Amino acid sequence: MSLYLHLHDTEIPPFDLARDVWNKILADENYHIIVAEENGILVSSCTCVIVPNLTHFVRPYARVENVVTHPEYRGKGLATACLNFAKEIAIRENCYNIALLTGSKKERTLKFYENAGYNRTEKTGFIMWL
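What comes next is a walk through the structure. This structure is a prediction, so every number in the text was calculated from the model and none was measured.

Conventions used here
- Residues numbered from 1 in each chain as written.
- Predicted model: local features only at pLDDT ≥ 70, side-chain atom pairs only at ≥ 80, totals over all residues.
- Heavy atoms only, no water.
- Disulfide = S-S within 2.5 Å.
- Buried < 20%, exposed > 50% of the residue type's maximum accessible area, 1.4 Å probe, protein only.
- Salt bridge = Lys/Arg side-chain N within 4 Å of Asp/Glu carboxyl O.
- Helix = DSSP H or I, 4+ residues; strand = E, 2+ residues; numbered from the N terminus.
- Pairing = 2+ DSSP bridges.
- Right-handed = clockwise from strand over helix to strand, strands pointing away.
- Axes fitted to C-alpha atoms, helices over the stretch in contact; angles between N-to-C directions.

### Some words on the state of the cysteines
In a disulfide, the sulfur atoms of two cysteines are held together by a covalent bond.
Moving on, step 1. Under the definition given, this model contains 0 disulfides.
Moving on, step 2. No disulfide involves Cys48; its nearest neighbouring cysteine sulfur is the one of Cys95, lying 6.8 Å away.
Moving on, step 3. Cys48 sits in the buried class, given a relative accessible area of 0%.
Moving on, step 4. No disulfide involves Cys82; its sulfur sits 5.1 Å from the nearest other cysteine sulfur, which is in Cys46.
Moving on, step 5. Judged by relative accessible area, which is 2%, Cys82 ranks as buried.

### Some remarks on the pattern of salt bridges
Moving on, step 1. All told, the structure shown has 8 salt bridges when counted by the stated rule.
Moving on, step 2. Linking Glu93 and Arg92 is a salt bridge whose minimum nitrogen-to-oxygen distance equals 3.4 Å.
Moving on, step 3. The partly exposed category is assigned to Glu93, whose relative accessible area is 33%.
Moving on, step 4. Residue Arg120 pairs with Glu114 through a salt bridge whose shortest N-O separation is 2.9 Å.
Moving on, step 5. Each of Glu107, Lys111, Glu114 and Arg120 takes part in a single network of salt bridges with overlapping partners.

### Focus on unusual backbone geometry
Moving on, step 1. Unlike most non-glycine residues, Asn39 shows phi in positive territory, near 55°.
Moving on, step 2. In this fold, Asn39 is placed in the loop between strand 1 (31-38) and strand 2 (41-51).
Moving on, step 3. In this structure, Asn66 is a non-glycine residue whose phi angle is positive, near 55°.
Moving on, step 4. By secondary structure assignment, the location of Asn66 is in strand 3 (residues 61-69).

### Some words on the pairing of strand 3
Moving on, step 1. Summarising the sheet, strand 2 and strand 3 pair through 7 bridges and their orientation is antiparallel. In the sheet register, Cys48 faces strand 3, and the bridge partner there is Val64.
Moving on, step 2. Across 3 bridges, the pairing between strand 3 and strand 4 (residues 98-100) is parallel. By the bridge assignment, Arg63 is partnered in strand 4 with Ala99.
Moving on, step 3. At this point the chain moves from strand 3, through helix 2 (residues 78-92), to the parallel strand 4, and the crossover so formed is right-handed.

### Some words on the sheet that holds strand 3
Moving on, step 1. Reading across from one edge, 1-2-3-4 is the order of the 4 strands in this open sheet, with mixed pairing throughout. Here the strands that pair on one side only, and so sit at the sheet edges, are strand 1 and strand 4. Each strand axis lies, on average, 25° off the axis of its neighbour in the sheet, ignoring direction.
Moving on, step 2. Here strand 1 pairs with strand 2 via 8 bridges, running antiparallel. Residue pairing for strand 2: Glu37 is matched across the bridge by Leu42.

Right, dumping it as structure tokens:
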């Protein structure tokens, strides 16, 4: 949870609430939390969710979220390794695509995702905050 403070959160949720959500995630075979460690410290992570689908000849799709690396460990290829592992999961699950959204407008962040194989011109993303 402390790693997520480097993403966009400003505080860690109450333990009971986080534990209940964690248990739901662990029980969901389509939800994958991918991590990278250095010296036993969790320093980079992303999530990959496989979504069953009725289009594209009933092939699922993958959604990547919560891509984060501790600032002191950036530039070492750890997030790229996490994204590559998410891609391996999506391929193994026969997904027809893998998508992610970013709130960042920083060109270096957008280039990072492009260098990882993501295309920012193929589709248009929209979001509605609830």
